[in-house]
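# Fold and geometry: a report
Spelled out, the chains give:
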Protein chains: 2
Amino acid sequence: MARVPARTPKGMRDYLPADMIKRRYVFDTVRDVFESFGFEPIDTPVLELRETLFGSGMGEDAEKLVYYAQHAGGKEELALRYDLTVPLSRFVAEHENDIKLPFRRYHIAPVWRGERPQKGRYREFYQCDADIVGVRGPAADAEVMQVVYTALRRLGFADFTIKMNNRKLLTGLGIYAGISDEQLPSLYRIIDKTDKIGLDGVAGMLAESNLPAESVTRLVNILRLDGTGDAQQRLAAIGHLREELDGVAIAQEGLDELEYLTYAADAFGMSGDNVALDLTMVRGLGYYTGPIFETVITKPDNLGSVQGGGRYDELVGRFRGQSLPTTGISLGIERLVDLMEMLDLYPASVSGTTVVQALVTVFDEDSQLGSLRLAADLREAGLRVETYMDPRKNLGKQIGYADSKGIGLVVIAGPDEQAQGLVRLKRLHDGEEIVVQRAAVGAEAAAFLG
Amino acid sequence: MARVPARTPKGMRDYLPADMIKRRYVFDTVRDVFESFGFEPIDTPVLELRETLFGSGMGEDAEKLVYYAQHAGGKEELALRYDLTVPLSRFVAEHENDIKLPFRRYHIAPVWRGERPQKGRYREFYQCDADIVGVRGPAADAEVMQVVYTALRRLGFADFTIKMNNRKLLTGLGIYAGISDEQLPSLYRIIDKTDKIGLDGVAGMLAESNLPAESVTRLVNILRLDGTGDAQQRLAAIGHLREELDGVAIAQEGLDELEYLTYAADAFGMSGDNVALDLTMVRGLGYYTGPIFETVITKPDNLGSVQGGGRYDELVGRFRGQSLPTTGISLGIERLVDLMEMLDLYPASVSGTTVVQALVTVFDEDSQLGSLRLAADLREAGLRVETYMDPRKNLGKQIGYADSKGIGLVVIAGPDEQAQGLVRLKRLHDGEEIVVQRAAVGAEAAAFLG
């Protein structure tokens, strides 16, 4: 056969055992948190019908990034999923009779986007979503916010801020400043740039967009609002907004929800460092309709967003006819995996490059079956055990292999030990050795390993 | 927005929470067994370069089933992986400097094949492989056989037979019967039909294939060999074959390996019901070079194969230039998930349709934050807890919701209970109720749930 180059497609990657061990730690931790809040696991096919993905409001730019798929003679037009939100909406409509509302589901799975690859950005990457379908009130929004807080704390992050805002409040701001509904998306786009160009820059852009100078001033003064501090300070800020936006009904509705979320965050014990009101955080996606959230790591600075989300009450209706109120969050799980490494948050137990705890050495071909047997007994005791496979290699080579692979314990039963019904255990991190009874090797090895 | 039909592509399916709970049980059990044998987790991209998949010896018929993929402006020709063996071979060659040989990896992941869907056969399905790369001797084959045995026993299967055979022995049989190398694939194809047409049918087909009558008789007499029974009986059968195939070096080599595997199976405590020599089991794939395995469930009858595998020493060489001896097994994990259901092997803990253990009810809007708080305390005790979100529904409705969803415990803190610092716990399967201190609710609820 002609030799074929061994390479992964551009922007896609293999995960080696050391990667998998870390990823699994993060995924499992998040999964445990999701399930502790009653979110149920689901999965959907990687391939969806093209019509399911397209026209869902993802926007033309996003649609260009979608991967098509087809097999010879296949009659359906297929595409690889672009996110987990559209599949959820399709899922809820398709299985309405098999699920109970409210439906809480989480979904941790890869998605595909043909973007230009760059550091930390891949064409295949995992998303990690938790959503509640069928609840209109802000209690559901409070709960998904609490899920974010709990997951990040559980992973070991301490310095982060969950920024909250509300699309109803933003709509109200538009009314307050005399901006028409059609101009709202463009208003959001400009406000979204605050992080990069500051509020003065935003004021400049608003002025250029044919907005009366007075409107711009009123708007920017409101956007300047300091939404940080403890719950009392944030409630005071909300009170100030209430007065300022007096008579704008939709803004008051948004403020009700923000007030509820502020009380909720306080009730959950979130400190003023972990939660803030931020009127300049608008979230890019078009489909949000109520509370919105975004979480940033605050120390060290500039590590960017690790979570986005909010309420989108209309999306499920695309497949179902009648809509269902839905709120949810998406954790940037790939970024979290990287940040855990950068901030040294992985526990020692997941810092290794192997799942193997013990290597059973082999002396010669005649005793090889005995080694496999010995390994089986160690497994019975719950250990993860590799048996060395090549009896021609001497003991030093075998111990060297264990050491280079990061295996903590070497189990030796040469002819001398075997004759006496004994086994020798060598712990590699400190070189300690003990000799134990063959019959008790499982418990002894587990204890010696610690 | 126009309403879009909610449907999954043909031959593909969603997994509901009840499905996920069962699938995870099977996947996690198998994963634990793989890791206990020192197999390391890896993952590879769903998309591979087309040239990686094609021409790998999968055959033209298989190539027709491959799904192509492409995004607008993408320059690479991509395809969705068809199995996990070709990606492993590519992976080993690509990461040779980052892994240690022998490399034991497992991989549980979906693959795609555009086959005609039918009961139990999907176009997207999971494969579940464990392979050892870099070991030539039969100790590695013995170990992957032991992995199959251990995994099936751990899942609760008792009545199964791991059939073993050897490609070297089959090649030797060809030599013995005077069949040329080029005719071997056709010989394998005919023998492979034994299950369907019986040995007499095979004899008939061999006679039609221009084989001398005497060769056919000699061959079929050997294929008739009874390879069942205890280790002594199987060793006697191997001894008989040794005499019969005296002087056919490659057959003797295959018999050495089968003898080793027979001793190994005995050393691992596998009974004669769980392992058998079967010369008519040849495995379809072209790339096997040594021991081959296939496992069938024996009671009830006709449940078919749940595992395939064997040694393929040449495949990695396609990407690496120089080859590496490799042996491995693939568990039919989708079939196992279904058979577990059919044979009622799932433990009670995974028979439910929800991960939720307790529902915290809500009395009115004012006490809703208190309910969220109560739920948080139950989570601290390790429980998976859903809070009811709609205070307008009365308690009976809320309990009815818990019951219909299969949640075992309802946690009630109405105004009466709250005033006294108490919480009421209601267990749904027997209707039992207790009242506990609010401060101790976590431990009390966990104990009450049992």
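Conventions used here
- Counting starts from 1 at the beginning of each chain's written sequence and moves along it residue by residue.
- Here every chain gets a letter starting at A, and every ligand a number starting at 1, in the order they are written.
- A pLDDT threshold of at least 70 governs which residues receive local features in this predicted model, and a stricter bar of 80 or more applies before side-chain atom pairs are shown or counted, although totals over entire chains, interfaces and linings include all residues.
- Values shown for side chains rest on all heavy atoms present in the structure; no hydrogens or waters enter the calculation.
- Numbering of helices and strands starts at the N terminus; helices are DSSP runs of H or I of at least 4 residues and strands are runs of E of at least 2.
- Here the radius of gyration uses the C-alpha set of atoms, whereas the globule reference equals 2.2 Å times the residue count to the power 0.38.
- Any residue under 20% of the maximum accessible area for its type is buried, any over 50% is exposed, and the rest in between are partly exposed; the area is computed with a 1.4 Å probe on protein chains only.
- The contact rule is simple, with two residues in contact once any of their heavy atoms fall within 4.5 Å.
- Here the quantity called buried area is the total loss of accessible area, with a 1.4 Å probe, experienced by two parts when brought into contact, counted for both.
- For salt bridges, the criterion is a side-chain nitrogen of Lys or Arg within 4 Å of an Asp or Glu carboxyl oxygen.
- Whenever a nitrogen or oxygen atom comes within 3.5 Å of another N or O atom, the pair is scored as a polar contact, on the condition that within protein one atom can donate a hydrogen and the other can accept it, and that pairs from neighbouring residues in sequence are kept only if both atoms are in side chains.
- Think of it as three bins: nonpolar holds Ala, Val, Leu, Ile, Met, Phe, Trp, Tyr, Cys and Pro, charged holds Asp, Glu, Lys and Arg, and polar takes everything else, Gly as well.
- Criterion used throughout: strands pair if DSSP finds at least two bridges between them.
- Overlaid copies result from least-squares superposition on C-alpha atoms, with residues included only where pLDDT is at least 70 in both.
- Note that the arc is defined by the directions from the helix axis to the C-beta atoms.
- Axis geometry follows a simple rule: fit a line to the C-alpha atoms, using only the stretch in contact for helices, then measure angles between N-to-C directions, giving values from 0 to 180 degrees.
- The pairing test for Phe, Tyr and Trp rings, Trp by its six-membered ring, is centres within 6.5 Å, and the orientation test on the planes gives stacked under 30 degrees, edge-to-face over 60, and tilted for anything in between.
- Working rule for angles: under 35 degrees goes down as roughly parallel, over 145 as roughly antiparallel, 65 to 115 as roughly perpendicular, anything else as oblique.
- Less than a right angle of anticlockwise turn of the near helix away from the far helix marks a crossing as left-handed, whereas a clockwise turn marks it as right-handed.
- The quantity known as pLDDT measures the predictor's confidence residue by residue, on a range of 0 to 100.

## So, the overall build of chain A
Helix and strand counts for chain A stand at 17 helices and 16 strands. For 450 residues, the compact-globule formula gives about 22 Å, and the C-alpha radius of gyration of chain A, at 28 Å, lies well above that figure. Along the first, second and third principal axes, the C-alpha set of chain A runs to 95 × 60 × 45 Å. Among the 450 residues that make up chain A, the fraction classed as buried is 59%. Of the contacts made within chain A by residues no fewer than 6 positions apart, 67% connect residues no fewer than 24 positions apart.

## With respect to the interface of chain A and chain B
Contacts between the two partners involve 101 residues from chain A and, on the opposite side, 101 residues from chain B. For the pair chain A and chain B, the summed buried surface comes to about 8,700 Å²; carbon and sulfur atoms form 60% of the total. Along the contact surface separating chain A from chain B lie twelve salt bridges. Note that A:Arg7 is salt-bridged to B:Glu76, the shortest N-O span being 3.7 Å. For the pair chain A and chain B, the interface holds 42 residue pairs in polar contact (both at pLDDT 80 or more). For the side of chain A that touches chain B, the residue count by class is 55 nonpolar, 17 polar and 29 charged. As paired strands, strand β3 (residues 67-71) of chain A and strand β3 (residues 67-71) of chain B are joined by five bridges and run antiparallel to one another. By the bridge assignment for β3(B), A:Gln70 is matched with B:Tyr68.

## Comments concerning the relation of the copies chain A and chain B
Rotating chain A by 180 degrees about the axis while translating it 0.0 Å along that axis superimposes it on chain B, leaving an RMSD of 0.0 Å. Taken together, the rotation and translation relating the two chain copies correspond to the operation of a two-fold axis. In terms of C-alpha distance to the rotation axis, chain A has A:Ala69 as its closest residue, with the C-alpha 2.1 Å off the axis. Most of the interface of chain A is mirrored in chain B, where 100% of its interface residues are also at the interface.

## Things to note about helix α17 (residues 441-449) of chain B
All names here are of chain B. Those residues of α17 not exposed but buried are Val-441, Gly-442, Ala-445 and Phe-448. With its buried residues spanning 140 degrees around the axis, α17 presents them on a single face. Exposed and oriented more than 90 degrees from the buried face of α17 are Ala-443 and Ala-447. Positive phi shows up at Gly-450, right after α17, with a value of about 80 degrees.

## Some thoughts on the sheet that holds strand β7 (residues 160-166) of chain A
All names here are of chain A. Taken together, the eight strands give an open sheet; going across it, the order is β1-β5-β6-β11-β10-β9-β7-β8, and neighbouring strands pair in mixed fashion. Looking at which strands have only one partner, the edges of the open sheet turn out to be β1 (40-41) and β8 (275-277). Bridge count for β1 against strand β5 (residues 103-112) is two bridges, and the pairing is parallel. Within β5, the residue paired with Glu-40 across the bridge is Arg-105. Together, β7 and β9 (291-297) form the strand contacts of helix α6 (residues 167-176), whose direction differs from that of β7 by roughly 55 degrees.

## Section: the packing of aromatic side chains
If you walk through the whole model with that rule in mind, you get 20 aromatic pairs over all chains. Seen from their ring centres, B:Tyr287 and B:Tyr288 are 5.3 Å apart, and the 65 degrees between their planes marks the pair as edge-to-face. On the accessibility criterion, B:Tyr288 (10% relative accessible area) is buried. Both rings, one in B:Tyr287 and one in B:Tyr312, keep their centres 5.2 Å apart while their planes meet at 45 degrees; by these two values the pair is tilted. In this pair, B:Tyr287 sits in the loop between β8 (275-277) and β9 (291-297) while B:Tyr312 sits in the loop between β10 (305-311) and α12 (317-320), placing the two residues 25 residues apart along the sequence. Of the two residues examined, B:Tyr287 and B:Tyr312, each falls in the buried class. Here the aromatic cluster, defined as three or more aromatic residues joined through ring pairs, consists of A:Phe34, A:Phe39 and A:Tyr106.

## Description of the environment of A:Val435
All names here are of chain A. Examined against the element boundaries, Val-435 turns out to sit in strand β16 (residues 433-437). Expressed as a C-alpha distance, the spacing of Val-435 and Val-350, which sit 85 residues apart in the sequence, is 29 Å. Those residues within four positions of Val-435 in sequence are excluded, and the remaining contacts are Leu-422, Val-423 and Arg-424.

## A closer look at the side chain of B:Arg105
Residue and element names in this part refer to chain B. Structurally, the position occupied by Arg-105 is in strand β5 (residues 103-112). Among the polar contacts made by the side chain of Arg-105, one reaches the main-chain carbonyl oxygen of Leu-84 at a distance of 3.2 Å. At 2.8 Å, the side chain of Arg-105 and the side chain of Asp-131 are in polar contact.

## A look at the packing of helix α5 (residues 138-155) of chain A against helix α14 (residues 368-380) of chain B
Remark: α5(A) packs on α14(B), axes separated minimally by 11 Å, with the N-to-C direction vectors making an angle of 30 degrees. Relative to α14(B), the element α5(A) lies roughly parallel. The way α5(A) lies across α14(B) gives a crossing that is right-handed. Counted together, A:Ala139, A:Ala142, A:Glu143 and A:Gln146 of α5(A) and B:Gln368, B:Leu372, B:Ala376 and B:Arg379 of α14(B) form the full contact between these two elements. Classifying every residue of the contact of α5(A) with α14(B) by side-chain character gives four nonpolar, two polar and two charged.

## Comments concerning the sheet that holds strand β14 (residues 409-412) of chain A
All names here are of chain A. Read across the open sheet, the five strands follow the order β13-β12-β14-β15-β16; overall the sheet is mixed. Both edges of this open sheet fall to β13 (385-387) and β16, since each of them pairs with a single strand only. With direction set aside, neighbouring strand axes in the sheet form an average angle of 25 degrees. Relative to strand β15 (residues 422-427), β14 runs antiparallel, the two being bridged by four bridges. Looking at β15, one finds that Val-411 is bridged to Leu-425.

## Quick word on unusual backbone geometry
All names here are of chain A. Each neighbour pair has its own omega, and for Lys-299 with Pro-300 the value is -10 degrees, a cis peptide bond. Unlike most non-glycine residues, Asp-344 shows phi in positive territory, near 60 degrees. Within the fold, Asp-344 resides in the loop between α13 (333-342) and β12 (358-360).

## Quick notes on the confidence of the model for chain A
Here chain A averages 93 in pLDDT, while 99% of its residues score no lower than 70. As a predicted assembly, this complex carries a pTM of 0.95 together with an ipTM value of 0.95.

## With respect to the packing of helix α1 (residues 17-36) of chain A against α5(A)
Angle between the axes and distance between the axes: these two values describe a pair of packed helices. Residue and element names in this part refer to chain A. Two numbers describe how α1 lies on α5: the axes approach to 9 Å, and their chain directions differ by 140 degrees. Overall, the two elements α1 and α5 adopt an arrangement that is oblique. For the element pair α1 and α5, the recorded crossing hand is right-handed. Between α1, through Tyr-25, Val-26, Thr-29, Val-30, Val-33 and Phe-34, and α5, the contact on the second element is made entirely by Val-147, Thr-150, Ala-151, Arg-154 and Leu-155. Residue composition of the contact of α1 with α5, by class: eight nonpolar, two polar and one charged.

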